[in-house]
Amino acid sequence: MKSMIFSRVRNRISAVVSVYNELVCKPKGIKQYSSDVKVTSRVKQVDIPGPDPTPPFKGNDSDFPCVLRNSISGPEPEYEKVISGFKTFTYKQPFQFKYHDGILPEVTIAYETWGTLDESASNAIFIFSGLSSSSHARSHAENLKPGWWEKFIGPGCAIDTDKFFVICANHIGGCYGSSGPSSINPLTEKPYGTTFPVICIEDLVRFQFMLVESLGISKLYGAVGSSLGGMCSLLTGVIFSDKVERVVTISSCAKSHPSSIAMRYLQRRTIMSDTNWNNGHYYGKAYPKIGMKLAREIATITYRSGPEWDMRFGRNRIDPSSQPSLCPNFMIENYLDYQGEAFCTKFDPNSLLYISKVIICLWINLV
């Protein structure tokens, strides 16, 4: 009798796993990045066998669109398409990184400028970008799209381009024109992937000062940055104190605290747990979208405080008339889903892994 029960349970488990694999993990006939595919797979209602079940049972009946949509929809990655509107500086000699004796045969950094450098080259301000920012801090003739600091840079703005020559670069390890994991290794003619050297903030700052010197600037009027950029500007005042007159650091720190380290770890973990991540060698193959999307959703939670979430969303529902389901019902859930979907193909997952680690490893002793 026991063996018969065990056999039935084992068969039922096998059937459930088979259905899950077919409907969720491996949807048939669906292209990886098709955004107009209609999902027709549906998990069937489970009924208790027998003519008169006691007690009666009616379970959840859902096709889980929030799960299936995430695994099969979305555009192709966009970060590789950011190919214009910036200049590049390439250091054509081996560049030594701080950790693990890492070396790149050559390094390229993408940058943009605004304003005019004066004759004495004494009016330059360097803006260090954030974790996922490109060099496009403000619009200009080569790229008319508004930049991520559009309202702070320009004639008469806080960073006045009528007075200052402003420079902003995409960090090494990024994916918007600078050398990073998605770049081609000139020795192998393949993307670096996770063979790219481990980087630290000191590496970022050192190379960006090489860019500054290539522009004929021996000393900056100021270094400015927020978040990761603020960490860079702060470190600038420590290791290049003779090459910068002023430092502005916004919403930043000299070291990451345990809660920040933990949240960054979870973001990296979600990407690395995506089977499509493939140890960082996914270029030209299936893209780790689910891991990247979830990483961004986790990050978004840390960008706002509890009182702000209450003020913006409270317990407002997407559809007040709908009954609860296992998919999003509240506006805050929908917001996180949107932020993850909007970001997950705009930034390279490997770049997020590398630069995330950069942030938590910084520790500047200011005592």
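We now turn to the structure provided with this report. The structure displayed is predicted, hence computed values, not measured ones.

Here we take up the overall build of the chain. The helix and strand inventory of the chain stands at nine helices and twelve strands. When burial is assessed residue by residue, the chain has 43% of its 367 residues classed as buried. A fraction of 68% describes how many contacts in the chain between residues 6 or more apart in sequence connect residues 24 or more apart.

It is worth spelling out the nonpolar core at this point. Membership of the largest hydrophobic core comes to 53 residues, with the highest contact counts inside it found for I201, L228 and F347. Considering each element in turn, this core owes the most residues, seven residues, to helix α3 (residues 201–214). Setting aside its immediate chain neighbours within four residues, I201 contacts L228, M231, C232, L235, V358 and L362.

All right, on to the packing of aromatic side chains then. All chains considered together, the criterion is met by 19 aromatic pairs. For the pair F89 and F207, a centre-to-centre distance of 5.8 Å together with 35° between the ring planes defines the contact as tilted. In this pair, F89 is assigned in strand β1 (residues 87–91) and F207 in helix α3, connecting sequence segments 118 residues apart. Here F89 matches F207 in class, with each residue buried. With 5.8 Å between their ring centres and 85° between their planes, F196 and Y354 make a pair best called edge-to-face. Here the residue F196 occupies a position in the loop between β10 (190–191) and α3, and Y354 occupies one in helix α9 (residues 349–361), the gap between them amounting to 158 residues.

Quick look at the environment of L336 now. Structurally, L336 is set in helix α8 (residues 331–343). In this structure the C-alpha to C-alpha distance between L336 and R296, which are 40 residues apart in sequence, comes to 8.3 Å. Those residues within four positions of L336 in sequence are excluded, and the remaining contacts are E297, T300 and I301.

Let's shift gears to the side chain of N123. Residue placement: N123 occurs in the loop between β4 (107–114) and β5 (124–128). Here N123 falls in the buried class, since its relative accessible area comes to 7%. A distance of 3.0 Å separates the side chain of N123 from the backbone oxygen of T116, its partner in a polar contact. Dropping the residues within four chain positions of it, N123 is found in contact with T116, L117, D118, K163, F164, F165 and Y221.

What follows covers helix α5 (residues 258–273). At 3.6 residues per turn, the α-helix brings residues three or four places apart onto the same side. With 16 residues, α5 extends 22 Å from end C-alpha to end C-alpha; this agrees with the ideal 22 Å at 1.5 Å per step. Among all positions in α5, only R264, Q267, R268, T270 and I271 are buried. Summarising the axial view, the buried residues of α5 lie within an arc of 155°, below the 170-degree limit, and thus occupy one face. The exposed set on the far side of α5, more than 90 degrees from its buried face, consists of P258 and S259. Next to the buried residues of α5 lie α6 (289–302) and α9.

Most of β4 sits out of view: eight of its eight residues are buried. Of the two faces of β4, both are covered, the one formed by V107, I109, Y111 and T113 as well as the one formed by T108, A110, E112 and W114. Relative to β4, β1 runs antiparallel, the two being bridged by five bridges. Its bridge partner lying in β4, F89 is registered against I109. One ladder, built from four bridges, connects β4 with strand β8 (residues 165–169); its direction is antiparallel. Bridged to T113 within β8 is I167.

Running from N to C, α5 and α6 point in directions that differ by 165°, and their axes come no closer than 7 Å. As judged from the angle between their axes, α5 and α6 are roughly antiparallel. For the pair α5 and α6, the sense of crossing is right-handed. Side by side, α5 and α6 meet where M263, L266, Q267, T270 and I271 of the first sit next to G291, M292, L294, A295, I298, A299 and T302 of the second. Of the residues in the contact of α5 with α6, the class split is eight nonpolar, four polar and no charged.

Turning to the sheet that holds strand β12 (residues 247–250), a few remarks are in order. On the basis of which strands lie adjacent, the open sheet formed by six strands has the order β1-β4-β8-β5-β11-β12 and mixed pairing. The strands lining the two open edges of the sheet, one partner per strand, are β1 and β12. This sheet shows a mean twist of 25° between the axes of neighbouring strands, independent of strand direction.

This part covers unusual backbone geometry. Both trends apply: most residues other than glycine have a negative phi, and most peptide bonds are in trans. Positive phi values are uncommon outside glycine, yet D101 reaches one of about 55°. Residue placement: D101 occurs in the loop between β2 (95–96) and β3 (103–104). Owing to a relative accessible area of 62%, D101 belongs among the exposed residues under this scheme. Positive phi outside glycine occurs at S227, with the angle close to 55°. Its place among the elements puts S227 in the loop between β11 (222–226) and α4 (228–239).

Cut-offs applied
- Residues numbered from 1 in each chain as written.
- Predicted model: local features only at pLDDT ≥ 70, side-chain atom pairs only at ≥ 80, totals over all residues.
- Heavy atoms only, no water.
- Helix = DSSP H or I, 4+ residues; strand = E, 2+ residues; numbered from the N terminus.
- Buried < 20%, exposed > 50% of the residue type's maximum accessible area, 1.4 Å probe, protein only.
- Contact = heavy atoms within 4.5 Å.
- Core = buried A, V, L, I, M, F, W, Y, C linked by side-chain atoms within 4.5 Å.
- Phe/Tyr/Trp six-rings, centres within 6.5 Å; stacked < 30°, edge-to-face > 60°.
- Polar contact = N/O pair within 3.5 Å; in protein donor to acceptor, adjacent residues only side chain to side chain.
- Expected span 1.5 Å × (residues − 1).
- Arc of directions from axis to C-beta.
- Pairing = 2+ DSSP bridges.
- Axes fitted to C-alpha atoms, helices over the stretch in contact; angles between N-to-C directions.
- Parallel < 35°, antiparallel > 145°, perpendicular 65-115°, else oblique.
- Left-handed = near helix turned anticlockwise from the far one by under 90°.
- Nonpolar A, V, L, I, M, F, W, Y, C, P; charged D, E, K, R; others polar.

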